[in-house]
Amino acid sequence: MSEKKKWLVAVFCTFLACSAAPAVAHAEPKPEEAFMGYWLSQGHDGVFKIETCGDTVCGRLVGLQYEGTDVPHDKKGQSECNLLMLTEFRRSSSDGERWNGKILDPDSGHIYQAQIWSPHKDVLKLRGYIGLPLFGETQTWTRYEGTLGPVCKMPQ
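Below, the structure is looked at part by part. (Residues numbered from 1 in each chain as written. Predicted model: local features only at pLDDT ≥ 70, side-chain atom pairs only at ≥ 80, totals over all residues. Heavy atoms only, no water.)

A few words on the pairing of strand 1 (residues 37-40). Consecutive residues of a regular strand have side chains that alternate between opposite faces of the sheet. Of the pairings in the sheet, the one linking strand 1 to strand 2 (residues 46-53) comprises four bridges and is antiparallel in character. Bridge pairing links G37 to I50 in strand 2. Here strand 1 hands over to strand 2 after five residues, with H44 in that stretch at a positive phi of 55 degrees. Bridge analysis of strand 1 against strand 8 (residues 136-143) gives two bridges, and the strand direction is antiparallel. Paired with L40 across the two strands is T142, which belongs to strand 8. (Pairing = 2+ DSSP bridges. Helix = DSSP H or I, 4+ residues; strand = E, 2+ residues; numbered from the N terminus.)

For the rest of this paragraph, the subject is the sheet that holds strand 7 (residues 123-129). Ordered in space as 1-2-3-4-5-6-7-8, the eight strands form a closed barrel in which the pairing is antiparallel. Across this sheet, the average inter-strand angle for adjacent strands is 35 degrees, counted without regard to direction. Bridge analysis of strand 7 against strand 8 gives seven bridges, and the strand direction is antiparallel. When the bridges of strand 8 are listed, V123 appears paired with T142. (Axes fitted to C-alpha atoms, helices over the stretch in contact; angles between N-to-C directions.)

Our next topic: the environment of T138. One can find T138 in strand 8. When the C-alpha atoms of T138 and L126 are compared, they prove to be 5.5 Å apart, with 12 residues separating the residues in sequence. If sequence neighbours within four positions are ignored, T138 has contacts with Q42, W117, K125, L126 and R127. Polar contacts involving the side chain of T138 include one to the side chain of R127, which spans 2.6 Å. (Contact = heavy atoms within 4.5 Å. Polar contact = N/O pair within 3.5 Å; in protein donor to acceptor, adjacent residues only side chain to side chain.)

So, in C-alpha cells, the structure goes:
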C-alpha cells in the first residue's frame, strides 16, 4: 500500500472513531432507570426503594407509618422494614413500556403478578393482578423526596 493510501486510511479511521465517540458519551439512560429511587405509595402509608437486583428490578418497603416503636410485621412474623416486596421485574415482550414481575402482600403472604410502568416523570403505576392484568387493581405512586426515621418510620 502506498504512503498516500496509508495516510487516507489513517485519516478515515480517525474520522470514524471521533464521530462514534459522541454516541457513546450521550448514551440514552436505560428505561428501568425511570423506576429507580424512592416511591410513596398511593395511600401515602409506605415508601418503597426500587433498584436493580442482578438483571431484574426489585423493590423494598423502606418507610412505614406506624404508632409507637413496634415495627409492623408480616404474616410470618418478620419485620416489614426493608421487606422485599417487588421481585423479578423484567421488560414486557409485548409492551416495552411495562415491566412484569411479582408483588408480595405482607398481610396475607400471597404473591401476585404485577406490572409497573412510568407514564410521566416522577409517576409510577403498579398493577397487581391474578391471572390476567384485566383482573387487577392499579395504584399510582409518586416520587418520594422526604426523609425516613429510624427503623423505617415515616414522619407523621
